[in-house]
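# Breakdown of the fold
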Amino acid sequence: MAEARLSTGVSIYYESHGQGEPLVLIPGTGFSCEVWKPFQLPRLSQSLNLVLHDPRGCGRSTRLQASCTIDQMACDVAALLDHLEIDSAHILGHSMGGRIALALALNYPRRVRSLILASSGSGPAGRTGSECIPGLPYRLVTELIEKGFEEYIRQEICESDAYFTPGFRARAPHRVREFYDLAWPTHANLHDYLRLCTARHNWEATHRLGEVRVSTLVITGSADVVGSNHVAQSEVLAKRIPKAEYKIIDGQSHGFFWEVPDEVNAWILDWVQSL
C-alpha cells in the first residue's frame, strides 16, 4: 500500500501483490481498487505481480479539480509503471477502465504486453441508440437528479440488472450487498463522478482500433445490455481490433468479475500465461 506522486501531476494510491508477469487491473467508472480485493487479488497474485490502483478522482488518489480525460488517466498508468520500474505489463480494464487500457495501448504500445477489454467500448461511434453522440447521456442525468447520487449507485448495483443477474440477486442478496458495501466507501464523489462520466462519454477511439498491435481479448456478458449496451460495443472492439479474440460469458451482466469469480479468474490466468 503506497502513494506515488506521478509525473502527470497527480498522487495515485496503488498496491502491488505477488510475483511473476505484471498485470494491471483498472476498475470501472468511479470505483477504487478495493473492488478487486475479495476475489481477484487472492487468486491472481499467487502467480502474477498484480498491480492495483485508484484512478484519479477515485478512492485515495487525487480528487479532480477540473475536467479530466481518458488519455490523462492512461498517462497516469504509464507513469505508475515508470514509478514501479515496470517496462511493460498486461493490462485489464473493466468498463471505463477498458477505455483507459485501450488509450494506453494506442498511445504507449510498448508498455502493453496484452490487453483484456472487459465490458468496455471505444467511444460514441461504437455505441447504439441515443448514446451514439458525445456528452452525458440523458438517462444518466435524469436518474441522478430523480434518485440522488448515493441511491442511484445503490440501485444500479443492488436492484437493477446492470451488474448482477436477477437469479444471482435472488439466490445471494448478501453477496450483492457485500459488493456495494465494499465499493461505496471509496467510490468517487458526485462531482468527480460526473467529470469521470464526461470523460468516458466524450472519448472517441473507434477510428483508431485498427492501430492496436498487441494481443487483445475482448470479453463481455451476454446480458450486459442494461443502460449502455456493452455487447454491441464489445462486438465493435472485436471486429475492428486486428486478430482480437472475443469471449462471451453466457447469461452474465456487467458484474461478472464478482458473480462468477472462479470462472473469470481462470480465463484471466489462461490468457496471460498463454502469451
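How each quantity is defined
- Residues numbered from 1 in each chain as written.
- Predicted model: local features only at pLDDT ≥ 70, side-chain atom pairs only at ≥ 80, totals over all residues.
- Heavy atoms only, no water.
- 1 Å grid on protein atoms, 1.4 Å probe; cavity = no way out; pocket = protein on both sides within 12 Å on 5 of 7 lines; lining within 4 Å.
- Points joined across faces, edges and corners; volume = space filled by probe spheres on them.
- Helix = DSSP H or I, 4+ residues; strand = E, 2+ residues; numbered from the N terminus.
- Nonpolar A, V, L, I, M, F, W, Y, C, P; charged D, E, K, R; others polar.
- Phe/Tyr/Trp six-rings, centres within 6.5 Å; stacked < 30°, edge-to-face > 60°.
- Buried < 20%, exposed > 50% of the residue type's maximum accessible area, 1.4 Å probe, protein only.
- Lys NZ or Arg CZ within 6 Å of the ring centre and 35° of its normal.
- Pairing = 2+ DSSP bridges.
- Right-handed = clockwise from strand over helix to strand, strands pointing away.
- Polar contact = N/O pair within 3.5 Å; in protein donor to acceptor, adjacent residues only side chain to side chain.
- Contact = heavy atoms within 4.5 Å.
- Axes fitted to C-alpha atoms, helices over the stretch in contact; angles between N-to-C directions.

## Some thoughts on empty space enclosed by the protein
Inspection of the entire model under this criterion finds 1 cavity of 30 Å³ or more. When its volume is computed, the largest cavity comes out at roughly 50 Å³. Surrounding the largest cavity, Ile26, Pro27, Gly28, Thr29, Gly30, Pro55, Cys58, Met73, Met96, Gly97, Ile100 and Leu196 form its lining. At 3 residues, the largest contribution of residues to the lining of the largest cavity is made by helix α3 (residues 96-107). A per-class count over the lining of the largest cavity returns 8 nonpolar, 4 polar and no charged.

## Notes on the packing of aromatic side chains
With the rule as written, the count across this model stands at 14 aromatic pairs. With 5.9 Å between their ring centres and 70° between their planes, Phe31 and Phe179 make a pair best called edge-to-face. With Phe31 in the loop between β3 (21-26) and α1 (40-44) and Phe179 in helix α7 (residues 173-183), this pair connects stretches of sequence that are 148 residues apart. The burial state of Phe31 is the same as that of Phe179; both residues are buried. Each residue in the set Phe31, Trp36, Tyr163, Phe164, Phe168, Phe179, Phe256, Phe257, Trp258 and Trp267 is aromatic and connected to the rest through ring pairs, giving one cluster. In this structure, Arg60 is placed above the aromatic ring of Tyr13, and the distance from its NZ or CZ to the ring centre is 3.9 Å.

## Quick word on the pairing of strand β5 (residues 89-94)
Across the 6 residues that make up β5, a large majority, 6, are buried. Two strands pair when backbone bridges link them, and β3 and β5 are joined in this way by 4 bridges, in the parallel orientation. When the sheet's bridge partners are listed, Val24 is paired in β5 with Ile91. Where β5 and strand β6 (residues 112-118) come together, 6 bridges link them in parallel fashion. Along β6, the bridge assignment pairs Gly93 with Leu117. In the classification by handedness, the crossover that spans β5, the intervening α3 and the parallel β6 is right-handed.

## Examining the side chain of His201
By the secondary structure assignment, His201 is in helix α8 (residues 190-202). Looking at His201, its side chain comes within polar contact range of the side chain of Arg200, at 2.9 Å. Look past the residues within four positions of His201 in its chain and what remains in contact with it is Pro124, Arg127, Glu131, Pro134, Gly135 and Pro137.

## A short note on the sheet that holds strand β1 (residues 2-5)
With mixed pairing, 8 strands are arranged side by side in an open sheet as β1-β2-β4-β3-β5-β6-β7-β8. Both edges of this open sheet fall to β1 and β8 (245-249), since each of them pairs with a single strand only. When strand polarity is set aside, the average angle formed by the axes of neighbouring strands in this sheet is 25°.

## A short note on the layout of surface pockets
Quantified by volume, the largest pocket comes out at close to 430 Å³. Surrounding the largest pocket, 26 residues form its lining, Arg139, Tyr152, Glu156, Ala162 and Val226 being those nearest its centre. Looking at the lining of the largest pocket residue by residue, the classes come out as 8 nonpolar, 10 polar and 8 charged.

## A look at unusual backbone geometry
Non-glycine residue Ser95 carries a positive phi angle of around 60°. Relative to the assigned elements, Ser95 resides in the loop between β5 and α3. Non-glycine residue Ser119 carries a positive phi angle of around 45°. The topology assignment puts Ser119 in the loop between β6 and α4 (138-147).

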